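Here are the chains, one letter per residue:
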Amino acid sequence: TVYEDQLQKHLKKCNSREKPKPVYFVQDINAGLKDVSEIPEKQVPLSSLSIEELQNLITRLKKASNGLELHLKEQILSHQALQEALSDPKNGESAFKHLKQQASILGNMERLHLLGPGKCFVEFGAGRGKLSHWVDIALENVQSVQFLLVERATTRFKVDGKHKRRDSIFERLQVDIQHLCLNKVPILEKKKLPVVGIGKHLCGAATDLALRCLVESYTTCCDGKNEEPAPKRCRAAQTEVAPHKSAGNESTTEDHKPVAGIVIALCCHHKCDWTHYVGREFFKSVGLGPVEFHYFQRMSSWATCGMQETTGKASTSEDSEDQTHDTEEHEHTLSRTASGSDTLQGILSVEERKDLGCLCKRLIDHGRIEYLQQQGYKAALQYYTESAVSLENVLLTAVPNPSVIPEPTI
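Residues numbered from 1 in each chain as written. Predicted model: local features only at pLDDT ≥ 70, side-chain atom pairs only at ≥ 80, totals over all residues. Heavy atoms only, no water.

A. Representation of the overall build of the protein chain within the structure. Secondary structure summary: the protein chain contains 16 helices and eight strands in total. Pairs at least 24 apart in sequence give 79% of the contacts found in the protein chain among residues at least 6 apart. Accessible surface for the protein chain amounts to roughly 20400 Å². Of this, 50% is attributable to carbon and sulfur atoms. (Helix = DSSP H or I, 4+ residues; strand = E, 2+ residues; numbered from the N terminus. Contact = heavy atoms within 4.5 Å. Areas by Shrake-Rupley, 256 points an atom, 1.4 Å probe, with all protein chains shown as cover.)

B. Local environment of the side chain of Gln 102. Inspection of the secondary structure puts Gln 102 in helix H4 (residues 93-111). According to the relative accessible area criterion, Gln 102 is buried, its value standing at 2%. When residues no more than four places from it in sequence are discounted, the contact partners of Gln 102 are Leu 82, Lys 130, Leu 131, Trp 134 and Lys 200. (Buried < 20%, exposed > 50% of the residue type's maximum accessible area, 1.4 Å probe, protein only.)

C. Region of interest: the packing of helix H2 (residues 51-65) against helix H16 (residues 350-374). In the contact formed by H2 and H16, the axes pass within 10 Å of each other and the chain directions differ by 50°. When the axes of H2 and H16 are compared, the pair comes out oblique. Between H2 and H16 lies a crossing of left-handed hand. Contacts between H2 and H16 involve Ile 58, Leu 61, Lys 62, Ala 64 and Ser 65 from the first element and Leu 356, Leu 359, Cys 360 and Leu 363 from the second. Tallied by class, residues from the contact of H2 with H16 come to seven nonpolar, one polar and one charged. (Axes fitted to C-alpha atoms, helices over the stretch in contact; angles between N-to-C directions. Parallel < 35°, antiparallel > 145°, perpendicular 65-115°, else oblique. Left-handed = near helix turned anticlockwise from the far one by under 90°. Nonpolar A, V, L, I, M, F, W, Y, C, P; charged D, E, K, R; others polar.)

D. Seen up close, the pattern of salt bridges. Scanning the entire structure with this criterion turns up nine salt bridges. Measuring nitrogen to oxygen at the nearest pair gives 3.6 Å for the salt bridge that ties Lys 97 to Glu 93. Placement of the pair is Lys 97 and Glu 93 together in helix H4, with a separation of four residues, close to one helical turn. Since its relative accessible area comes to 9%, Lys 97 is described here as buried. The class for Glu 93 is partly exposed, based on a relative accessible area of 47%. (Salt bridge = Lys/Arg side-chain N within 4 Å of Asp/Glu carboxyl O.)

E. Representation of helix H10 (residues 290-299) in the model. When you tally the buried positions in H10, you get eight out of ten residues, the bulk of the element. Inspection of H10 places Pro 290, Glu 292, Phe 293, His 294, Tyr 295, Phe 296, Gln 297 and Met 299 among the buried residues, and these make up the whole buried set. Buried residues in H10 make contact with H2, helix H9 (280-285), helix H11 (302-305) and H16.

F. Summary view of the nonpolar core. In terms of nonpolar packing, the biggest core is built from 40 residues, with Phe 124, Leu 180, Leu 182, Leu 188, Ile 262 and Leu 372 touching the most fellow members. Per element, the largest residue contribution to this core is eight residues, and it comes from helix H7 (residues 205-223). Non-local contacts of Leu 182, meaning those with residues more than four positions away in its chain, are made with Val 122, Leu 148, Leu 188, Cys 213, Leu 214 and Tyr 218. If you look at the next biggest cluster of nonpolar residues, it comprises 31 residues, including Val 135, Val 142, Val 145 and Leu 149. (Core = buried A, V, L, I, M, F, W, Y, C linked by side-chain atoms within 4.5 Å.)

G. Layout of the confidence of the model for the protein chain. Here the protein chain averages 81 in pLDDT, and 77% of its residues register 70 or above. The low-confidence segment residues 225-255 (pLDDT under 50) makes 26 contacts with residues lying over four places distant or belonging to another chain. Within the model, the stretch residues 307-329 combines pLDDT values under 50 with 41 contacts to residues more than four positions away or in other chains. (pLDDT = per-residue confidence, 0-100.)

H. Representation of the packing of aromatic side chains within the structure. On inspection of all chains with the given rule, the structure shows ten aromatic pairs. Ring centres of Tyr 277 and Phe 283 lie 5.6 Å apart, and the angle between their planes is 85°; this geometry places the pair in the edge-to-face category. Note on Tyr 277: relative accessible area 0%, which makes it buried. Ring centres of Phe 283 and Phe 293 lie 5.5 Å apart, and the angle between their planes is 70°; this geometry places the pair in the edge-to-face category. Taken together, the residues span a long stretch of sequence, with Phe 283 in helix H9 and Phe 293 in helix H10 at a distance of ten residues. Looking at Phe 283, the relative accessible area reads 0%, which means it is buried. Take Phe 293: its relative accessible area is 1%, and that puts it in the buried class. Positioned over the ring face of Phe 25 is Lys 21, at 5.3 Å from the centre of the ring. (Phe/Tyr/Trp six-rings, centres within 6.5 Å; stacked < 30°, edge-to-face > 60°. Lys NZ or Arg CZ within 6 Å of the ring centre and 35° of its normal.)

I. Region of interest: unusual backbone geometry. Despite not being glycine, Asp 28 shows a phi value in the positive range, around 60°. Phi is positive for His 113, close to 60°, though the residue is something other than glycine. Within the fold, His 113 resides in the loop between H4 and strand S2 (119-124).

J. Summary view of the pairing of strand S5 (residues 195-203). By the criterion of burial, S5 is predominantly enclosed, with eight of the nine residues buried. In this sheet, S5 lies alongside S2 in parallel orientation, the contact comprising four bridges. Looking at the pairing, Cys 120 lines up with Val 195 of S5. One ladder, built from seven bridges, connects S5 with strand S6 (residues 259-267); its direction is parallel. Following the sheet pairing, Leu 202 is matched in S6 by Leu 266. (Pairing = 2+ DSSP bridges.)

K. The arrangement of a nonpolar patch on the surface in detail. Together, Val 2, Leu 7 and Leu 11 make up an exposed nonpolar region whose accessible area comes to about 200 Å². Following the sequence through the fold, Leu 11 ends up in helix H1 (residues 7-11). (Patch = residues over 30% accessible without salt bridge, like charges linked within 9 Å, V, L, I, M, F, W, Y side chains within 5 Å.)

In structure tokens form, the structure reads like this:
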């Protein structure tokens, strides 16, 4: 409360007041599904399903997953930029696990030739900005580097404000990814830099929002003025016919895409949302829809908390703690009712639940891969760290087709 005669003065500084929207805020630009009639009004929890219904759901899951690449390649890499921190005994076990993940993400970025000059690195779900911090360290001798850190929440203990380099510029965008129009961010509007989208444990639907933000709204805004809406697929088709184009052909527009690459560590599939999911067309192609998606995204939590039946209340275990993004907490567990634990007693073993949870994750992720491929990207899933470091250990990468990305001229 505040005295009436002090109200106007208070409103000028009150943190609860509605702030003016930034220029890059465009309502629901990356939201996805506009037709809500596709979504059932009432979603029934897993625990309400009969044994027959649950077994039918599992059968459909296995059928839809048939033929998918379920055994991912390991790309557990490291990067010189983090070697000193990794060997520092002052870092505790939790910090060490975060550093190993960040080192592998940077190693994979280097493998894809994404660490270079003249790029804008957009970190989605940035939190304290640690991932961008290490990318900046890795590029200490590189000029013309821009960082945009996207985070909807106000974050304490940010590390990006401590950078002393003059060549790299850090800018925070406090906005939900759902409403972020990258093309209207002043630095990108002015310089038209190729963008590299990155994220460490980008939670559930945030991954889909980020993908749509990059490959639909930003790419369309950059390409669309003199082009017809369809060329994305045409370019992908042309690259399949002529994959031998040299990196030196920088004058041809075919080699250039506004998005130079995407490297995102996936997380929290149980927080995915059919409305925002980019792989809806893939689900429909295998005879699935929003109802199955609703159950599969909940079943995906079995991959990381299938042991809950035997661990009781140990939900604050080391594994759960290690999957947080520094101070940001990711709720990796669902209630027993939501995850169907009571229904499953005596039907599925812990190991079977874990395998089915992993199958749900891969199915959801494959929809994302197909979406990126249709947009003209060479996309892949790989393990980027050991499960002992993080149970959420899958990295999604994508680069324009063909994968040889020409270095921009400065």
